[in-house]
Amino acid sequence: MDNLQTGDARYLKRRVKGCTLDVHPTERALVVQYEVEATVLGEQGNPMVGERKECQKIIRLKSLNAHTDTSSLARKVVEECRLIHPSKLSEVEQLLFYLQNRKQSNDNQEKKRISPRDFTPYAGVELDEEASISSIDEYVELLYEDIQEKIRGATLIFQLARNPDNLEELVQNETALGALARVLREDWKQSVDLATTIIYIFFCFSSFSQFHGLVTHFKIGALCMNIIEHELKRYDLWQDELQKKKKAYEEFPENQNLKKEHEKSFRKYQSLLTKQEQLLRVALCLLLNLAEDTRTELKMRNKNIVHMLVKILDREDEELLLVVVSFLKKLSIFLENKNDMAETFAVEKLARLVPCEHEELLSTNLRLLLNLSFDTMLRSQMVQAGLIPKVSSLLADEGQRQLSMCILYHISMDDRFKSMFADTDCIPQLMKMVFECREEKMDVELISLCINLAANKSNAKVICEGNGLKMLMKRALKLKDVLVMKMIRNLSQHSGPTKGLFLDHVGDLAAQINEEEAEEFVIECLGTLANLTIPDLDWALVLKEYNLVPYLKNRLKPGSAEDDLILEVVIMIGTVSMDDSCAAMLAKSGIIPALIELLNAQQEDDEFVCQIVYVFYQMVFHKATRDVIVKDTQAPAYLIDLMHDNNAEIRKVCDNTLDIIAEYDEEWGKKIQNEKFRWYNGQWLEMVENRLMDEAEEPFLYGEDGESFIGDRDILERPDLFYSADGIMSADGAISPDFFTDFQNGELGQTGYISSVSEQFVPAERPVSAYGFRPDEPYFYNYNNASR
């Protein structure tokens with residue numbers, strides 16, 4: 001345009017203004033934004049027509065890496081790009097330094113991998129000639145010729161579409177796009193090469209959101225869905241045909257013709273498969289781009305896109321699998337799609353790809369599995385597919401470590417699967433990572449997984465092997481690490497040799513129980529100590545040496561600390577009360593009234609009530625503390641009230657405690673028996689009382705003067721209703737002959753009467769905690785402290 005053929009104008013003057021620099025959002029490149037001001041000058045040099053246009057230039061820095069000298073590269077960029085003024089050298093260097101240190105995320109790598117420029121031509125679309133945007137009309141004309149010419153025309157247009165700078169101009173040529181859409185719709189079954197090339201062209205448009213409307217207008221997405229469905233059916237036919245020929249050859253191996261026919265079919269199958277997978281790949285990439293709109297994605301789901309994608313997971317082509325897994329990952333965030341993946345057993349097919357050589361495919365696959373691992377049923381499928389050892393092996397790969405730990409953490413949340421980790425190399429690797437952290441902050445995924453695994457007895461044994469426990473304790477106490485101490489607490493709950501290892505650390509733990517330490521840390525230390533029900537442990541010595549009794553008593557006051565800490569104090573008291581001297585020491589300190597006060601304050605909290613009642617249960621075994629509880633406190637009255645609590649565990653602990661009190665105190669024993677009688681026979685008592693109130697309906701209960709036969713006495717004061725812990729007794733203490741004989745022989749069945757204390761409860765070995773009852777004790781369930 002330097003010499004304009006107009007009457008007045010002579011030449012065009014262009015000037016670049018307002019150059020700004022920025023980094024490319026996904027690639028290692030600089031983006032130069034500038035404005036071109038074009039002015040048409042007349043014969044006298046006067047401006048006649050002026051126009052401004054905003055332009056952009058991308059400077060791709062393929063050689064930029066971690067070892068590049070950014071100063072030298074910046075000078076080279078400024079020298080070679082005339083748009084950048086030399087005064088911006090320092091700014092260019094700063095941007096290059098940022099690009100050099102910017103991490104390329106997996107998502108960005110995925111987007112880059114499926115960009116138009118990165119698709120390499122395959123056999124069938126390679127041409128020697130170079131396309132020109134000015135010849136677009138000629139290429140469109142080729143689309144009206146035979147198949148080979150159509151392929152040539154489409155390939156030349158594809159060359160143009162691969163350059164994003166040409167897309168705006170191609171959009172304006174509605175004739176070209178309409179012709180491409182028509183040819184694809186009419187001829188895609190005749191030529192895979194033609195279909196692939198045209199879909200490539202529309203894929204280039206789909207890579208930019210502003211062109212999605214164009215692709216939708218020509219209904220390319222729906223057409224791609226049909227093509228994929230058809231190709232999957234063709235694949236099944238190929239497989240069937242190949243299997244038939246293979247079977248025929250295997251039946252008659254000496255027949256060379258059958259062998260040659262099979263080999264020929266196999267070669268043809270491989271050739272067709274390569275082209276088909278290229279077609280599937282680009283079609284799925286286009287659909288993945290269009291799925292940016294959730295409404296479009298819903299349409300795809302209604303056409304069974306999930307089932308198609310899962311079916312393709314059986315393929316071997318890693319580039320195709322990357323697109324499929326990326327698509328499934330995007331779909332998996334919706335419940336309906338996740339359910340479809342569960343129905344099609346996608347997890348089993350995804351497990352086949354773990355591990356794999358293709359790093360990006362492996363990373364994307366792990367992200368998809370992580371999304372699916374939030375579902376309980378799918379976690380079960382992952383375990384069945386053998387993913388625990390497979391994912392555990394990836395912990396050694398720093399690039400996949402975090403994703404692997406997140407998946408394993410979700411699996412470890414289910415108690416059914418915790419024990420499976422003990423037979424893998426997962427725990428040794430986790431322990432190695434924990435110790436490598438030294439004094440640095442530990443990743444939350446790492447310690448969370450360790451805490452879960454420590455809750456299993458088999459895992460705890462592996463964790464504590466060697467100096468495992470010693471090293472964990474050292475880190476926890478030195479750094480006051482609450483999460484590591486939580487892991488140690490889980491380790492301490494297991495019976496057997498593991499618990500014995502804690503004897504060396506009791507003093508270190510007890511030393512942390514003071515006012516100065518953070519409450520969260522003290523809670524875990526208390527919980528750990530409370531789990532140490534070891535016969536050889538002298539709790540009285542520990543309480544005296546570390547002066548713990550005043551601390552425990554002060555913390556029992558309602559509101560003195562967080563409820564979690566107060567609850568751990570109660571549990572700790574229950575543990576140390578197993579020791580006679582400790583129980584006496586605590587009773588003398590006035591802890592029992594403090595517990596009753598706390599019981600009043602926390603009567604709505606079942607956990608508090610159960611643990612406080614358990615303390616009473618422990619203390620009634622010792623004569624000194626039993627007398628204090630029975631004679632000096634109202635604990636038995638509270639226990640009688642709690643006999644009929646809605647919580648079954650509270651009822652059972654109360655029953656056992658009251659049975660012991662009844663055995664040693666006659667007065668309380670009578671009250672307890674009366675209350676139990678009222679409870680078990682409440683309906684009968686209510687009926688009797690109603691009859692006593694109704695003189696007219698039951699005259700036989702009254703004498704001639706209307707006076708009741710029992711007078712004003714309580715119905716329960718009738719001598720024939722007395723019973724003791726040994727059975728029904730008369731007023732003078734004699735056993736009723738017939739009834740008690742049947743009772744002892746077990747012929748009465750479930751009568752509701754309490755049996756003998758000596759038969760009900762034999763305190764041979766007391767339970768270790770409120771939730772740790774012996775299985776032979778009928779009043780208790782086995783509970784696990786870890787769930788607290």
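Residues numbered from 1 in each chain as written. Predicted model: local features only at pLDDT ≥ 70, side-chain atom pairs only at ≥ 80, totals over all residues. Heavy atoms only, no water.

## Here's the deal with a negative patch on the surface
A cluster of like negative charges, contributed by Asp-137, Glu-138, Glu-141, Glu-145 and Asp-146, occupies part of the molecular surface. Mapping Glu-138 onto the fold places it in helix 4 (residues 136–142). (Patch = residues over 30% accessible without salt bridge, like charges linked within 9 Å, V, L, I, M, F, W, Y side chains within 5 Å. Areas by Shrake-Rupley, 256 points an atom, 1.4 Å probe, with all protein chains shown as cover. Salt bridge = Lys/Arg side-chain N within 4 Å of Asp/Glu carboxyl O. Lys, Arg positive; Asp, Glu negative; His and termini not counted. Charge placed at Lys NZ, Arg CZ, Asp CG, Glu CD. Helix = DSSP H or I, 4+ residues; strand = E, 2+ residues; numbered from the N terminus.)

## Remarks on the confidence of the model for the chain
Summing up the model confidence of the chain, the mean pLDDT is 81 and the portion of residues at 70 or higher is 80%. For the chain, the element scoring lowest by mean pLDDT is helix 42 (residues 757–760), at 36; helix 13 (residues 305–312) scores highest, at 96. Counting contacts from residues 700–706, a segment whose pLDDT is below 50, to residues more than four positions away or on other chains yields 13 contacts. Overall, residues 719–788 carries pLDDT values under 50, and its contacts beyond four positions in sequence, including any with other chains, amount to 119 contacts. (pLDDT = per-residue confidence, 0-100. Contact = heavy atoms within 4.5 Å.)

## Some points on helix 13
Helix 13 sits mainly inside the fold: six of its eight residues count as buried. All buried positions along helix 13 are accounted for by Ile-305, Val-306, Met-308, Leu-309, Val-310 and Ile-312. Buried residues along helix 13 sit against helix 10 (220–251), helix 11 (256–290), helix 12 (294–302), helix 14 (318–331), helix 15 (335–343) and helix 16 (346–351). (Buried < 20%, exposed > 50% of the residue type's maximum accessible area, 1.4 Å probe, protein only.)

## What about the packing of helix 5 (residues 147–161) against helix 8 (residues 192–206)?
Interaxial distance between helix 5 and helix 8 falls to 9 Å at its minimum, and their mutual angle equals 25 degrees. Considering their axes alone, helix 5 and helix 8 lie roughly parallel with respect to each other. Crossing angle aside, the handedness with which helix 5 passes helix 8 is left-handed. Between helix 5 and helix 8, the residues in contact are Ile-147, Lys-150, Ile-151, Ala-154, Thr-155, Ile-157, Phe-158 and Ala-161 and Asp-193, Leu-194, Thr-197, Ile-198, Tyr-200, Ile-201 and Cys-204, respectively. Partitioned by chemical class, the residues of the contact of helix 5 with helix 8 number 11 nonpolar, two polar and two charged. (Axes fitted to C-alpha atoms, helices over the stretch in contact; angles between N-to-C directions. Parallel < 35°, antiparallel > 145°, perpendicular 65-115°, else oblique. Left-handed = near helix turned anticlockwise from the far one by under 90°. Nonpolar A, V, L, I, M, F, W, Y, C, P; charged D, E, K, R; others polar.)

## Concerning the packing of aromatic side chains
Applying the stated criterion across every chain, the model contains seven aromatic pairs. Arranged with centres 5.9 Å apart and planes meeting at 40 degrees, the rings of Tyr-614 and Tyr-617 form a pair that is tilted. Here Tyr-614 and its partner Tyr-617 are both found in helix 35 (residues 606–619), three residues apart, which amounts to about one turn of the helix. Considered together, Tyr-614 and Tyr-617 belong to a single accessibility category, that of buried residues. When the ring centre of Tyr-664 is taken as origin, the NZ or CZ atom of Arg-626, which lies over that ring, is 3.9 Å away. Cation over ring: Lys-671 sits above Trp-668, and NZ or CZ is 4.6 Å from the ring centre. (Phe/Tyr/Trp six-rings, centres within 6.5 Å; stacked < 30°, edge-to-face > 60°. Lys NZ or Arg CZ within 6 Å of the ring centre and 35° of its normal.)

## Some thoughts on the pattern of salt bridges
Here the structure, examined in full by the defined rule, presents 27 salt bridges. Across the pair Lys-480 and Glu-517 runs a salt bridge, and its minimum N-O distance is 3.2 Å. Of this pair, Lys-480 sits in the loop between helix 25 (468–479) and helix 26 (482–492) while Glu-517 is found in the loop between helix 28 (506–510) and helix 29 (519–531), placing the two residues 37 residues apart along the sequence. Ionic pairing is found between Glu-568 and Arg-489, a salt bridge with its closest N-O pair at 2.6 Å. One end of the pair, Glu-568, is in helix 32 (residues 563–576); the other, Arg-489, is in helix 26, with 79 residues separating them in the sequence.

## Remarks on unusual backbone geometry
A cis geometry characterises the amide bond from Val-354 onward to Pro-355, with omega recorded as -10 degrees. Structurally, Pro-355 is set in the loop between helix 16 and helix 17 (359–372). With a phi angle near 65 degrees, Asn-304 is a residue other than glycine that sits in the positive phi range. Following the sequence through the fold, Asn-304 ends up in the loop between helix 12 and helix 13. Positive phi outside glycine occurs at Asn-547, with the angle close to 50 degrees. Examined against the element boundaries, Asn-547 turns out to sit in the loop between helix 30 (539–545) and helix 31 (548–555).

## Things to note about the nonpolar core
Counting 203 residues, the largest nonpolar core has Leu-284, Ile-305, Phe-327 and Leu-430 as its most contacted members. Setting aside residues up to four positions removed in sequence, Phe-327 forms contacts with Leu-284, Leu-287, Leu-288, Ala-291, Met-300, Ile-305 and Leu-309. Core analysis: the second largest hydrophobic core is formed by 21 residues, Val-32, Val-36, Val-77 and Ile-84 among them. (Core = buried A, V, L, I, M, F, W, Y, C linked by side-chain atoms within 4.5 Å.)

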